[in-house]
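# Structure assessment
So the chains spell out like this:
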Amino acid sequence: MEIGSPKPPFLDEEKSYTNSTSIQLMMIKTSEVIWKHIIISKTKDKREVVRLKSRNDIVLVDKELEADTDYQIEIYVKIGDKRSESQFVFMKTKDVKVSMPCLIGAITGGAIVVGGLAAFGPILAALGFGSGGIISGTMAAWLMSFGNISAGSLFAILQSIGVVGLSITVKAAFLAAGLSIGCMAEVM
């Protein structure tokens with residue numbers, strides 16, 4: 001094969017894209033499998049960040065990249081000791097921002113979870129699952145009067161929570177779930 005065979009472009013710029021700290025390079029398919037050499041440098045100071053070679057049509061670069069940064073991408077093919085012309089592409093990684101609706105959602109979700117956890121103990125006590133065990137004259141006492149309670153059942157779990165309360169780990173997990181549901185980071 002003559003070095004003139006594969007010539008730029010090697011990269012499909014329209015299909016390639018960036019995220020906050022990654023770049024997905026979509027190569028133009030060739031009839032032969034060839035190694036593409038890829039060099040990614042910061043545009044501002046020309047510092048090389050990533051150097052790799054790949055025979056794949058899709059190359060994900062997700063190491064050593066920073067959000068909201070301009071990069072120059074150089075792609076060339078080398079066959080034997082001959083090197084093709086380089087294709088130069090400029091791409092910018094996206095900035096990570098949290099939108100105001102997202103922030104409000106996180107605060108609301110967290111408040112609902114914290115409020116729910118705070119109300120959980122009194123609700124359990126009202127149902128009869130108290131810190132000293134089952135409270136007489138309550139729904140829990142009535143349910144217990146039907147007979148044997150199996151370990152691991154909902155009744156047994158509620159009884160355990162009523163006696164010892166929720167651990168800090170469980171409370172943190174509920175809070176994290178509320179915050180996550182309330183808000184997802186929006187990448188712009």
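These figures come from a predicted structure and were not determined experimentally. Each residue is numbered by its place in its chain's sequence as written, counting from 1. Where totals are concerned, whole chains, interfaces and linings use all residues; where local detail is concerned, this predicted model gives features only for residues with pLDDT of at least 70, and gives and counts side-chain atom pairs only at 80 or more. For side-chain calculations, the full set of non-hydrogen atoms in the structure is used, while hydrogens and water are omitted.

### Some words on the sheet that holds strand 1 (residues 17–18)
Short version of the rule: Paired strands are those between which DSSP finds at least two bridges. Secondary structure elements are taken from DSSP: a helix is a run of H or I of four residues or more, a strand is a run of E of two residues or more, and numbering for both begins at the N terminus.
One open sheet holds the 3 strands; their spatial order is 1-2-5, and the pairing between them is antiparallel. If you trace the sheet from one side to the other, it starts and ends with strand 1 and strand 5 (58–61), each paired once. Pairing of strand 1 with strand 2 (residues 23–26), which is carried by 2 bridges, proceeds in the antiparallel orientation. Looking across to strand 2, one finds that Thr 18 is bridged to Ile 23.

### Observations regarding the environment of Asp 62
Under the convention used in this document: Any residue under 20% of the maximum accessible area for its type is buried, any over 50% is exposed, and the rest in between are partly exposed; the area is computed with a 1.4 Å probe on protein chains only. For this analysis, residues touch if any pair of their heavy atoms sits within 4.5 Å.
Within the fold, Asp 62 resides in the loop between strand 5 and strand 6 (70–79). A relative accessible area of 44% means that Asp 62 is categorised as partly exposed. Placed 41 residues apart in sequence, Asp 62 and Thr 21 show a C-alpha to C-alpha distance of 6.2 Å. For Asp 62, the contacting residues outside a window of four places in its chain are Thr 21 and Ser 22.

### A closer look at the pattern of salt bridges
Applicable threshold: By salt bridge we mean one thing: a side-chain nitrogen of Lys or Arg within 4 Å of a carboxyl oxygen of Asp or Glu.
For the structure on display, the rule yields 6 salt bridges. With a shortest N-O distance of 2.9 Å, Glu 66 and Lys 42 are connected by a salt bridge. Here Glu 66, found in the loop between strand 5 and strand 6, pairs with Lys 42, found in strand 3 (residues 36–42); they are 24 residues apart in sequence, far enough to count as distant. Using a relative accessible area of 12% as the deciding quantity, one classes Lys 42 as buried. Here Arg 51 and Glu 48 are joined by a salt bridge, their closest N and O atoms 3.0 Å apart.

### Digging into the pairing of strand 6
With 7 of 10 residues buried, strand 6 is to be regarded as a mostly interior element. With 7 bridges connecting them, strand 3 and strand 6 associate as antiparallel partners. When the sheet's bridge partners are listed, Ile 39 is paired in strand 6 with Glu 74. Direction of pairing for strand 6 relative to strand 8 (residues 87–92): antiparallel, over a ladder of 6 bridges. Pairing of Gln 72 across the sheet is with Phe 90, part of strand 8. Hairpin geometry of strand 6 and strand 7 (residues 82–83) is characterised by an intervening segment of 2 residues between the two adjacent antiparallel strands and by a positive phi of about 65° at Gly 80.

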